[in-house]
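Architecture and fold: a report
The chain contents come next:
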Amino acid sequence: MEEVRWSVLIVDDEPYNRKLLRLILMDKYNLSFATDGVSALEAAQRVRPDLILLDIMMPEMDGIEACRRLKATPETADIPVIFISALTEIAEKVNAFNSGGIDYICKPFQREEVIARVQTHLRLYNLQRSLEKRVQEELNKRRIEEQMLIQQSKMAAMGEMIASIAHQWKQPLNALGLIVQDIKDAFDVGELDKKYLEQSVTQSMDLIKLMSHTVQDFQNFLKPSAQKMTFNVTEAFYEVVNLFSDQLKKDNVNIRFNTDRTLKLYSAGYVNEFKQVILNLINNSRDAVKTRIKKGEFKGEGFIEIAIEEVKDMVVVHWRDNGGGIDESVFEKLFQPYVTSKGEGGTGIGLYMSKAIIEGKMEGRISVFNTLDGAEFVIELPLVRPGDRCL
Ligand SMILES: Nc1ncnc2c1ncn2[C@@H]1O[C@H](COP(=O)(O)OP(=O)(O)OP(=O)(O)O)[C@@H](O)[C@H]1O
Ligand SMILES: [Mg+2]
């Protein structure tokens, strides 16, 4: 570490002082010089020294003013400044510190004192810089990891959607095939007149429109929300659940809404991210119910019950299922990343992401407890009243 030669800028209008300081410091440091405040600023910009020794009384611009300007310029603001001056008035010293100086050496100065103070401050400065660098590196690492998590969970959602589209397309696609086949048959037996053809075209177009709607719904779902907006929480739940209701039915999960779709309860945030939370909840409840059915643990049907209400300036959502509840082994760490009880079948980021979205981005809360036969998630979001809507 000591191999590095730090650079020090010496600013003094007295040639004798500059010479003295040079003699004291030249062995250890790379030195540069300036003779007044104005040229000190210019030199600091050019050389970017690791430390500045600054005289106070100088022509043109004094040291205090120079220091103030150094501190006001982002590129030089962090460079430690030690004042060197014969001024001994306490008010002057206070002034020097107020302008951003880090230390003060009185003239006439002692060789040892100069060396000790310069060394100490360079070490401190270096320590601070390497700490800042470490923090920055750590933050960057976190950001990249976070990005990867978001990406992973998007991919999972995409897989889910493709399965859903495939499922929802099955019937109309079959029907379309039949219509086309039928046109050929009608032609073969001479029944294909204009009216017949028109009817077939209309039927086909209706089916195609339906299929294209399905894709559009999912496309909208995947788009990241560009900005925070007010949205109807009830409607968001209905929309997402409806997108996946076909598949849920197939998996024996019934959705029970205890809240009317017309109930308008608004909150603010990135609505598509919030929908991602709902999808995570759906997937988790469905997995839980499926596992339970597979184990032969219950005969009835699986359900998800959703109740949305307004409680003291909050929109409160109760999401209850009968999937057997959360396993003890994961309960405590449920909202931490990579916590899963599904082995290869899960990545353990669904709930981590959900918490990050609700608590980190929407100033809400998510919590969970086990009921007699399942899990209950409670989501609380700040209520936005129509009057203070930020649309
Ligand atoms: N409704 C639920 N019923 C029972 N257990 C649940 C429920 N929701 C979550 N869990 C438990 O919490 C764990 C973590 O859930 P989380 O959604 O974070 O990850 P995951 O579902 O395992 O994987 P993925 O990243 O694919 O979502 C699950 O593995 C499961 O054990
Ligand atoms: Mg999950």
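Just above, that's the structure.
The following paragraphs examine the structure supplied in this document.

1. Side note on unusual backbone geometry
Residue P108 follows K107 across a cis peptide bond; omega there is -5°. Along the chain, the position of P108 falls in the loop between β5 (103-106) and α5 (111-188). For D313, which is not glycine, the phi dihedral falls at a positive 65°. Residue placement: D313 occurs in the loop between β9 (302-311) and β10 (314-321). The backbone of E363 shows a phi angle near 55°, a positive value even though the residue is not glycine. By the element assignment, E363 lies in the loop between α10 (350-361) and β11 (365-370). Of the residues examined, E363 reaches a relative accessible area of 62% and is grouped as exposed.

2. Remarks on the packing of aromatic side chains
In this structure the tally under the stated criterion is 4 aromatic pairs. On the basis of an interplanar angle of 75° and a centroid distance of 5.8 Å, the ring pair of F237 and F274 is categorised as edge-to-face. Within this pair, whereas F237 is found in helix α7 (residues 233-250), its partner F274 is found in helix α8 (residues 271-294), the two being separated by 37 residues in sequence. The class for F237 is buried, based on a relative accessible area of 0%. For F274, a relative accessible area of 0% puts it in the buried group. With centroids separated by 6.2 Å and ring planes inclined at 45°, the aromatic side chains of F237 and W319 adopt a geometry described as tilted.

3. Quick word on the nonpolar core
If you look at the biggest cluster of nonpolar residues, it comprises 47 residues, and the most contacted ones within it are F237, F274, W319 and F377. Those residues within four positions of F377 in sequence are excluded, and the remaining contacts are L281, V317, H318, W319, I326, L334, F335, L351, I366, S367 and V368. In this structure, L41, M58, F83 and Y104 belong to the second largest nonpolar core, which totals 21 residues.

4. Focus on the pairing of β11
The side chains of a regular strand alternate, residue by residue, between the two faces of the sheet. With 6 bridges joining them, β11 and strand β12 (residues 375-382) adopt antiparallel strand pairing. Counterpart to S367 in the pairing with β12 is V378. Connecting β11 to the antiparallel partner β12 that follows it, the hairpin turn spans 4 residues.

5. A few points about the pairing of strand β1 (residues 7-11)
Extensive coverage of β1 is indicated by the burial of 5 of its 5 residues. Here β1 shows no split at all, with S7, L9 and V11 on one side and V8 and I10 on the other all buried. Sheet analysis places β1 next to strand β2 (residues 30-34), joined by 5 bridges and oriented parallel. When the sheet's bridge partners are listed, S7 is paired in β2 with N30. In terms of strand pairing, β1 meets strand β3 (residues 51-55) through 4 bridges, oriented parallel. Each bridged residue has a counterpart across the sheet, and for I10 the counterpart in β3 is L53.

6. Digging into the sheet that holds strand β7 (residues 253-257)
By definition, the strands of a sheet pair up through backbone hydrogen bonds, in either a parallel or an antiparallel sense. Reading across the sheet, the 5 strands line up as β7-β9-β10-β12-β11 and stay open at both edges, with mixed pairing between neighbours. Each end of this open sheet is capped by a strand with a single partner; those strands are β7 and β11. Each neighbouring strand pair of the sheet contributes to a mean axis angle of 15°, computed without reference to strand direction. Relative to β10, α8 is tilted by about 20°, and along the sheet it contacts β7, β9, β10 and β12. Strand contacts of α10: β11 and β12, with the helix running at about 135° to β11, the strand carrying the most contacts.

7. Considerations on the packing of helix α2 (residues 37-47) against helix α3 (residues 63-72)
The geometry of α2 relative to α3 is characterised by a closest axis approach of 9 Å and an angle of 25° between their N-to-C directions. In terms of axis orientation, α2 runs roughly parallel to α3. Two packed elements cross with a definite hand, and for α2 against α3 that hand is right-handed. Together, G37, L41 and A44 of α2 and A66, R69 and L70 of α3 make up the contact between the two elements.

8. A word on the site of ligand 1
Of all residues adjacent to ligand 1, which total 20 residues, the nearest are D321, T340, S341, K342 and T347. Interatomic distance of 2.6 Å between a side-chain N/O atom of K342 and an oxygen atom of ligand 1. Within the backbone of I349, a nitrogen or oxygen atom sits 2.9 Å from an oxygen atom of ligand 1. For ligand 1, whose unbound accessible area comes to 590 Å², protein coverage reaches 90%.

9. Observations concerning the sheet that holds β3
Taken in spatial order, the 5 strands of this open sheet run β2-β1-β3-β4-β5, and their pairing is parallel. Only two strands of the sheet have a single neighbouring strand rather than two, namely β2 and β5. Recorded for the sheet is a direction-independent mean angle of 20° between the axes of neighbouring strands. Against the sheet, helix α4 (residues 90-98) touches β4 (81-85) and β5, its axis set at about 140° to β5.

Basis of the calculations
- Residues numbered from 1 in each chain as written.
- Chains lettered and ligands numbered in written order.
- Predicted model: local features only at pLDDT ≥ 70, side-chain atom pairs only at ≥ 80, totals over all residues.
- Heavy atoms only, no water.
- Helix = DSSP H or I, 4+ residues; strand = E, 2+ residues; numbered from the N terminus.
- Buried < 20%, exposed > 50% of the residue type's maximum accessible area, 1.4 Å probe, protein only.
- Phe/Tyr/Trp six-rings, centres within 6.5 Å; stacked < 30°, edge-to-face > 60°.
- Core = buried A, V, L, I, M, F, W, Y, C linked by side-chain atoms within 4.5 Å.
- Contact = heavy atoms within 4.5 Å.
- Pairing = 2+ DSSP bridges.
- Axes fitted to C-alpha atoms, helices over the stretch in contact; angles between N-to-C directions.
- Parallel < 35°, antiparallel > 145°, perpendicular 65-115°, else oblique.
- Left-handed = near helix turned anticlockwise from the far one by under 90°.
- Near = heavy atom within 4 Å.
- Polar contact = N/O pair within 3.5 Å; in protein donor to acceptor, adjacent residues only side chain to side chain.
- Areas by Shrake-Rupley, 256 points an atom, 1.4 Å probe, with all protein chains shown as cover.

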